[in-house]
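Descriptive analysis of the structure
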Amino acid sequence: MKHPLPVRPRHIAVLRLSALGDVCNLVPTVRALQRQWPEARITWIIGKAEHSLLAGLSGVEFIVYDKSTGLAGMRAVWRELSDRRFDVLLHMQQALRASVLSLGLKTGVRVGYDKARSKDAQHWFTHRRLAPHPRAHVVESFLDFARLLGVEDLSLEWNLPIPDGAIQEASEIAGAGRYLVISPCSSVRIRNFRNWSAQGYAAVIEHAWAQYGIGAVLTGGGSTEEREMGKEIQGLSRPEAVRDAIGRSSLKGLLALIDRAEVVIAPDSGPVHMANALGTPVVGLYATSNLDRTGPYHWRAQAVNCYPEAVRTYMHKEPEQLAWGQRVRHPDAMSLIHTDDVIEQLEAVLFREASSAPTEIPDET
């Protein structure tokens, strides 16, 4: 017998620990739940870094689980929530760690992905599964949880909070002029291969500076790989055109930097989804990741998309033959992205933004 779904849930649990881009893409689902049931309480079990990005999200109680604490950290979460019983648990993390964590949460019904989208045997840990939704973007996959509960208004809304301190932090990093945000590296993982070349970024920076007087702010974490990439880009660029802020900003500070930027240029990584959430234009650089699944939702048409070419070149298949979202694990895949194509998309975005700006009416007095 199917576990019944609550008609009017009073307390909803969301389980999604990581990653930065994914939690940004999940926010519209939370907003949709809030619009449908404004009196419902929402508790989101989330990762440590992801919480620092979304802290202050209106109407949401966060319970932080630090993945580095392992089972001891899970027990701490279970103790903290021992007196709670949720009407429904939305299990949105397809990872065995998250499934184990879910076992200690009291709930009337656990909702997870359909079998085709389930990973790490997530379907073994849930009572109800989503309806199949082949070839869905990540944003749409999250909204499927709201669809299953009967939510009617699925319009996209973020309203990410940016505190005054983060705005001040961004101002101190970027100064007062116009700038691009370039986040050159994705997360450091084995066989990730999502990063473009320092030479390519430097050429784009030179174009933006020479043609428009727009500088660039480099952002990213503090890993050795990211810092070395920043130094290389800076060494290839004229000093006045670029500021290296890699490892220097908080996640809220990064949000504030992105919010004021003219454009964000980055590979498949958190910043492209942060920019999408804030309405900042994005030129995404995609060759190893499927743009239609993980691209910045509103800015996919402005991306440089070499994923189909990479699939044909390095996997000798057509994209339609691959599992949805399968990555191209080849170190040369991002070399398919040409500088001229990035500059062309940057020009298109800048032209679009300039043409959509309100026209100033001259003072006739």
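Here the structure is shown first, and the text comes after it.
Residues numbered from 1 in each chain as written. Predicted model: local features only at pLDDT ≥ 70, side-chain atom pairs only at ≥ 80, totals over all residues. Heavy atoms only, no water.

Judged by pairing direction, the sheet is parallel, and its six strands sit side by side in the order 9-8-7-10-11-12 without closing on themselves. Of all strands in the sheet, those bounded by a partner on one side alone are strand 9 (242–244) and strand 12 (304–305). The strands touched by helix 13 (residues 339–356) are strand 7 (179–182), strand 10 (264–267), strand 11 (282–286) and strand 12; relative to strand 11, the strand with the most contacts, the crossing angle is about 160°. (Pairing = 2+ DSSP bridges. Helix = DSSP H or I, 4+ residues; strand = E, 2+ residues; numbered from the N terminus. Contact = heavy atoms within 4.5 Å. Axes fitted to C-alpha atoms, helices over the stretch in contact; angles between N-to-C directions.)

This brings us to the pairing of strand 3 (residues 60–65). For strand 2 (residues 41–47) and strand 3, the ladder comprises six bridges, and the chain directions are parallel. Bridge assignment links threonine 43 to a residue of strand 3, and that residue is glutamate 61. The β-α-β motif built from strand 2, the intervening helix 2 (residues 48–54) and the parallel element strand 3 has right-handed crossover chirality. (Right-handed = clockwise from strand over helix to strand, strands pointing away.)

As a further point, take the sheet that holds strand 6 (residues 128–129). The strands making up a sheet are joined through hydrogen bonds of the backbone, oriented either antiparallel or parallel. Ordered in space as 3-2-1-4-5-6, the six strands form an open sheet in which the pairing is parallel. At either margin of the open sheet sits one strand with a lone partner, and together these are strand 3 and strand 6. Packed on one face of the sheet, helix 5 (residues 138–149) meets strand 4 (88–91), strand 5 (110–112) and strand 6 and runs near 155° to strand 4.

As enumerated under the stated definition, the model contains 19 salt bridges in all. Here glutamate 39 and arginine 8 are joined by a salt bridge, their closest N and O atoms 3.2 Å apart. One end of the pair, glutamate 39, is in the loop between helix 1 (20–36) and strand 2; the other, arginine 8, is in the segment before strand 1 (11–15), with 31 residues separating them in the sequence. Judged by its relative accessible area of 45%, glutamate 39 falls in the partly exposed class. The salt bridge partner of aspartate 153 is arginine 35, with a shortest N-O separation of 3.1 Å. On the criterion of sequence distance, the pair formed by aspartate 153 in the loop between helix 5 and helix 6 (164–174) and arginine 35 in helix 1 is long-range, its members being 118 residues apart. With relative accessibility at 36%, the residue aspartate 153 sits in the partly exposed group. (Salt bridge = Lys/Arg side-chain N within 4 Å of Asp/Glu carboxyl O. Buried < 20%, exposed > 50% of the residue type's maximum accessible area, 1.4 Å probe, protein only.)

What follows is about the state of the cysteines. For the coordinates displayed, the defined rule picks out zero disulfides. The thiol sulfur of cysteine 185 is not disulfide-bonded, and the nearest other cysteine sulfur, from cysteine 306, lies at 18 Å. For cysteine 185, a relative accessible area of 7% corresponds to the buried category. (Disulfide = S-S within 2.5 Å.)

Core analysis: the largest hydrophobic core is formed by 60 residues, its most contacted members being Leu33, Trp44, Leu54, Leu90 and Leu160. Considering every element that reaches this core, the biggest residue donor is helix 1, with seven residues. Leaving out residues up to four positions away in the same chain, leucine 90 has contacts with Ile12, Ala13, Val14, Leu15, Leu33, Val111, Phe145 and Leu149. (Core = buried A, V, L, I, M, F, W, Y, C linked by side-chain atoms within 4.5 Å.)

Over its 17 residues, helix 1 extends 25 Å from the first C-alpha to the last, a length consistent with the 24 Å expected when each residue adds 1.5 Å. At leucine 26, helix 1 shows its largest bend, some 25°, and a proline, proline 28, comes one to four positions later. For helix 1, the buried fraction is high: 13 of the 17 residues fall into the buried class. (Expected span 1.5 Å × (residues − 1). Bend = angle between axes of the 7 residues up to and from the residue.)

A separate point is the side chain of arginine 117. One can find arginine 117 in the loop between strand 5 and strand 6. At a separation of 2.5 Å, a polar atom in the side chain of arginine 117 contacts the side chain of aspartate 114. With sequence-adjacent residues up to four places away left out, arginine 117 is seen in contact with Gln94, Leu130, Ala131, Pro132, His133, Ala136, Ser141 and Asp144. (Polar contact = N/O pair within 3.5 Å; in protein donor to acceptor, adjacent residues only side chain to side chain.)

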